[in-house]
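Topology and contacts: notes
Residues per chain are reported as follows:
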Amino acid sequence: MPIVTSKEMMKKAYDGGYAVGAFNVNNMEIIQGITQAAKETNSPLILQVSAGARKYASHTYLMKLIEAAVIETDLPICLHLDHGDSFELCKSCIDGGFTSVMIDGSHLSFEENIKLTKRVVEYAHDNGVVVEGELGRLAGVEDDVKVSDEDAFYTRPDEVEEFVTRTGVDSLAIAIGTSHGAYKFKPGQKPKLRFDILEEVGRRLPNFPIVLHGASSVVPEYVKMINENGGKMPDAIGIPEDMLRQAAKMAVCKINIDSDLRLAMTATIRKYLAEHPEHFDPRQYLRPARENIVELVKHKIINVLGCEGKA
Ligand code: G3H
Ligand code: 13P
Ligand code: ZN
């Protein structure tokens, strides 16, 4: 099975009332952990690479690792650029074998966002690649850029039809109260998502896949494990799983998860090294880290995304 676009998997997800997981990848163990979980649960999968990940591991290494995962699993896997910030970056990923790109013009004016997104869509579609656009702006940290709560804003439903029609995007990321990173809500603050916005967007864009970024639940056990083993994370609060499940039953067909993978990996390695201070072979601590990524992703697939058995 070759690397596929997300077109078919998103359509099935929309019709089936579930979402496909889009997990960020940076190295071999993360790719192996995620793809093993998808294999064991027979699930469709989107592996996404940020500009930072591409700089860290290099395009070629990530490409070859993901090609290996496709051979090993024989699953429909889509390879997606996460938060592309320029036409040139999107073009480079398209030319280099990605099957999906995000052009994130959410920091631009409405007209500038449309102009940039349309340019990427034209090049991508000519090359059989699909495009995700974004309207609205999430708070949090992505690629070293921090968006404060004040600079974040919800998606305006009255803009979505014009944006989708004029750009030709295949999916749309919207801002309904999720945010990037481990600190999504302030201590004492009750997590809240604007389901009314999601509902209205869904009504205005029938049969159209919506994407939710910043969707880690910030698994408390892993934050605790980090802090019990020498870490110093302040109170971290994520998106409750039942809210994500609800969004997946609505128009949300792709749910982005990165921070939970980072927490699972770091927590496991911290615990392992605290319990085995004499060990220094990376395979000894990376093996349990990879195993916990398998468990985390299986949990997401079965209990949050609802895409088990849908490959
Ligand atoms: O939304 C951002 C993702 O978590 C990727 O993070 O840019 O640090 O790789 P990164
Ligand atoms: P989290 O930081 O909540 O995992 O979000 C990841 C994301 O949106 C990647 O695009
Ligand atoms: Zn994101």
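Let us look at the structure shown here. (Residues numbered from 1 in each chain as written. Chains lettered and ligands numbered in written order. Predicted model: local features only at pLDDT ≥ 70, side-chain atom pairs only at ≥ 80, totals over all residues. Heavy atoms only, no water.)

What to know about the overall build of the protein chain
Helix and strand counts for the protein chain stand at 12 helices and 10 strands. Seen through its principal axes, the protein chain has C-alpha atoms that stretch 60 × 45 × 35 Å. Considering only residue pairs separated by 6 or more positions, the protein chain has 77% of its internal contacts joining residues 24 or more positions apart. Per element, the accessible surface of the protein chain, about 13,900 Å² overall, is 52% carbon and sulfur. (Helix = DSSP H or I, 4+ residues; strand = E, 2+ residues; numbered from the N terminus. Contact = heavy atoms within 4.5 Å. Areas by Shrake-Rupley, 256 points an atom, 1.4 Å probe, with all protein chains shown as cover.)

Quick notes on the coordination of the zinc ion (ligand 3)
The zinc ion (ligand 3) binds to the protein through H83 (NE2), H180 (NE2) and H213 (ND1); the donor distances cover 2.1 Å. Expressed as a motif, the donor residue spacing for the zinc ion (ligand 3) is H-x96-H-x32-H. With H180 in the loop between β8 (171–174) and α8 (195–204) and H213 in the loop between β9 (210–212) and α9 (220–228), this pair connects stretches of sequence that are 33 residues apart. H213 gets classed as buried once you look at its relative accessible area, which sits at 1%. (Donors = N, O, S within 2.8 Å, 3.2 Å for Na, K, Ca; no water. Buried < 20%, exposed > 50% of the residue type's maximum accessible area, 1.4 Å probe, protein only.)

Examining the packing of aromatic side chains
In total, this model carries two aromatic pairs according to the counting rule given. With a centroid separation of 5.8 Å and an interplanar angle of 75 degrees, the aromatic rings of F87 and Y123 are classed as edge-to-face. Taken as a pair, F87 in helix α5 (residues 87–95) and Y123 in helix α6 (residues 110–126) lie far apart in primary sequence, 36 residues in all. With relative accessibility at 12%, the residue F87 sits in the buried group. Between F110 and F163, the ring centres sit 6.4 Å apart and the planes meet at 45 degrees, which makes this aromatic pair tilted. Of this pair, F110 sits in helix α6 while F163 sits in helix α7 (residues 157–167); the two residues are 53 residues apart in sequence, bridging distant segments of the chain. Considered together, F110 and F163 belong to a single accessibility category, that of buried residues. One Lys or Arg, R119, reaches over the ring of F87 and ends 3.8 Å from the middle of that ring. (Phe/Tyr/Trp six-rings, centres within 6.5 Å; stacked < 30°, edge-to-face > 60°. Lys NZ or Arg CZ within 6 Å of the ring centre and 35° of its normal.)

A closer look at the environment of G230
Residue placement: G230 occurs in the loop between α9 and α10 (241–249). The class of G230 is exposed, set by a relative accessible area of 60%. Once the C-alpha coordinates of G230 and A274 are considered, the two residues, 44 residues apart in sequence, prove to be 8.2 Å apart.

So, unusual backbone geometry
The backbone of S58 sits at a positive phi, close to 85 degrees, despite the residue not being glycine. Along the chain, S58 falls in the loop between α3 (51–57) and α4 (59–73). S58 gets classed as partly exposed once you look at its relative accessible area, which sits at 28%. If you check the backbone angles, N207 has positive phi at about 55 degrees while not being a glycine.

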